[in-house]
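# Per-entry structural report
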Amino acid sequence: MSLNIDRLEQEFQAKIDAGHNIEPKDWMPEKYRKTHIRQISQHAHSEIVGMLPEGNWITRAPSLRRKVALLAKVQDEAGHGLYLYSATETLGISRDELFEQLHSGKAKYSSIFNYPTLSWADIGAIGWLVDGAAIINQVMLTRTSYGPYARAMVRICKEESFHQRQGYEIMLTLCRGTQVQKDMAQDALNRWWWPSLMMFGPRDAESTHTEQSMKWKIKRKTNDELRQQFIDITVPQAEFLGLTVPDADLKWNEESGHYDFGEIDWDEFWQVVKGNGPCNKERLDARRSAYENGAWVREAAMAYADKQEQKRLAEVG
Amino acid sequence: MSTKNWPLWEVFVRSKSGLEHRHVGSLHAADAKMAMENARDVYTRRQEGVSIWVVPSSAITASNPAHSGELFEPAQDKAYRHPTFYDLPNELKHI
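Quick summary incoming for the structure in this document.

Calculation notes
- Residues numbered from 1 in each chain as written.
- Chains lettered and ligands numbered in written order.
- Predicted model: local features only at pLDDT ≥ 70, side-chain atom pairs only at ≥ 80, totals over all residues.
- Heavy atoms only, no water.
- Helix = DSSP H or I, 4+ residues; strand = E, 2+ residues; numbered from the N terminus.
- Rg over C-alpha atoms; globule rule 2.2 N^0.38 Å.
- Buried < 20%, exposed > 50% of the residue type's maximum accessible area, 1.4 Å probe, protein only.
- Contact = heavy atoms within 4.5 Å.
- Areas by Shrake-Rupley, 256 points an atom, 1.4 Å probe, with all protein chains shown as cover.
- Pairing = 2+ DSSP bridges.
- Axes fitted to C-alpha atoms, helices over the stretch in contact; angles between N-to-C directions.
- Parallel < 35°, antiparallel > 145°, perpendicular 65-115°, else oblique.
- Left-handed = near helix turned anticlockwise from the far one by under 90°.
- Phe/Tyr/Trp six-rings, centres within 6.5 Å; stacked < 30°, edge-to-face > 60°.
- Buried area = accessible area lost by both parts, 1.4 Å probe.
- Salt bridge = Lys/Arg side-chain N within 4 Å of Asp/Glu carboxyl O.
- Polar contact = N/O pair within 3.5 Å; in protein donor to acceptor, adjacent residues only side chain to side chain.

Moving on, we come to the overall build of chain A. Helix and strand counts for chain A come out as 13 helices and two strands. Taken over the C-alpha trace, chain A has a radius of gyration of 22 Å; the compact-globule value for 317 residues is 20 Å, and the two agree within 12%. With the principal axes as the frame, chain A shows a C-alpha extent of 75 × 55 × 35 Å. Residue burial in chain A is summarised as follows: out of 317 residues, 51% are buried. Restricting to contacts in chain A with at least 6 residues of sequence separation, those with at least 24 account for 76%. Working note: accessible area of chain A is about 15,600 Å², and carbon and sulfur atoms make up 55% of it.

As structure tokens, then:
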């Protein structure tokens, strides 16, 4: 039996090494399945919880143009969550189990959404920085080895660039406005910069999943590589806005061709991951309450569908 | 938790007339009408389609990848089904 598993695992790895995708009904090691359920569902939960901080500003958007754009963006996040939940379900776990894992705290979501959105400039900073960081990660994931995840990522990437551009446009408008508006933009950058860098996860040396994930082509770049890529792209964009990145150690390194940057506050990172961020409780409460208060709607819709089906059968019968 | 979960539907979208419907993903819905409306909102927010099919996932019979060998093997040794199998002189045109 174990010989058989060894052979299957070798064939599986050979398939991945040859650049083939893995599809839902293909044989896969149990750990590959579990890792994917964890990673894709975490991604799905992040899209869904990510609607909360931005939803906070829909009613207070400063113009109709900004409001329709923000509404469309938040609706996209819901869509992205749905693509990803569907992809996770192909691995043999139900939607209800996934929600249960989120609501019980067993499953994580991106820690960035545990920070509050205090001003309108935060909506700009989120689109620019948070979606910018997400795009870097997601572009890599369009080439991930699991077919349904890769396909969901292709759709998501096509939609995300509007998110980032609308965010940057908000920042640009504020930075070309009054001093008060510019200060607001700077304040948002100050608060969102470091949490955005944390989105790429722990340093490679501390990352428990990286090695296996690279071997299975779940990830194709390490956390540190992706973080560096984000910084190199984003710093010139901050300069264009005339804003200062809140890092005294940030400096262009001619030799390496990259920016050197200061130390991330890893204590803060782990505190927020463990549930002690400013909004962890509020976010989970909002999700639980939406789920529980929506239960009667789900039941009623199903009862109605059953009744219509019975009626149809009676007519045919 | 609801007593009975909404079933899963597979969504197929025709991106423009003249092209075939293609599988784009899946979603949960209580009935076909809701599946259609959800498919519109989830998969065609940017004019990705002119026509949608929704099919209960339970209605699909799929081939088993573990049996792909014997399922597709009969086609492997039939090179004569391809035009390149036939030797014709190069100077011959339009054939």
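This is not the end of the story, as more comes after the structure.
All names here are of chain B. Bridge analysis of strand S1 (residues 8–14) against strand S2 (residues 21–28) gives seven bridges, and the strand direction is antiparallel. Along S2, the bridge assignment pairs Glu-10 with Ser-26. The loop that links S1 with its antiparallel partner S2 comprises six residues; one of these, Gly-18, has a positive phi angle of about 100 degrees.

Before going further, it helps to examine the packing of helix H2 (residues 30–49) of chain A against helix H4 (residues 64–89) of chain A. Working note: a packed helix pair is described by the angle between its axes plus the distance between those axes. Residues and elements named next belong to chain A. Where H2 contacts H4, the two axes come as close as 8 Å, and the packing angle between them is 160 degrees. As far as their axial angle goes, H4 and H2 are roughly antiparallel. Relative to H4, H2 is oriented so that their crossing is left-handed. Each of Ile-37, Ile-40, Ser-41, His-43, Ala-44, His-45, Glu-47 and Ile-48 in H2 lies in contact with H4, whose residues at this interface are Glu-77, Ala-78, His-80, Gly-81, Leu-84, Tyr-85, Ala-87 and Thr-88.

Residue and element names in this part refer to chain A. Taken as a whole, this structure holds 19 aromatic pairs over all chains when the rule is applied. Arranged with centres 5.5 Å apart and planes meeting at 50 degrees, the rings of Phe-200 and Phe-230 form a pair that is tilted. Of the two residues, Phe-200 is situated in the loop between helix H8 (179–198) and helix H9 (210–215) and Phe-230 in helix H10 (residues 223–241); the sequence distance between them amounts to 30 residues. Of the two residues, Phe-200 and Phe-230, both sit in the buried class.

A separate point is the interface of chain A and chain B. With 23 residues of chain A in contact, the opposing surface of chain B contributes 24 residues. Together chain A and chain B conceal approximately 2,000 Å² of surface at their shared face, both sides included; 53% is due to carbon and sulfur atoms. Our count for the contact surface shared by chain A and chain B stands at four salt bridges. Between B:Arg46 and A:Glu159 there is a salt bridge whose closest N-O contact spans 3.4 Å. Here chain A is connected to chain B by ten residue pairs in polar contact (both at pLDDT 80 or more).

Residues and elements named next belong to chain A. If you trace the backbone, Ile-22 turns up in the loop between helix H1 (2–17) and H2. With a relative accessible area of 0%, Ile-22 lands in the buried category. For the pair Ile-22 and His-80, spaced 58 residues apart in the sequence, the C-alpha separation amounts to 21 Å. Those residues in contact with Ile-22 that lie beyond four places of it in its chain are Phe-12, Lys-15, Ile-16, Met-28, Tyr-32, Ser-145, Tyr-146, Gly-147 and Pro-148.

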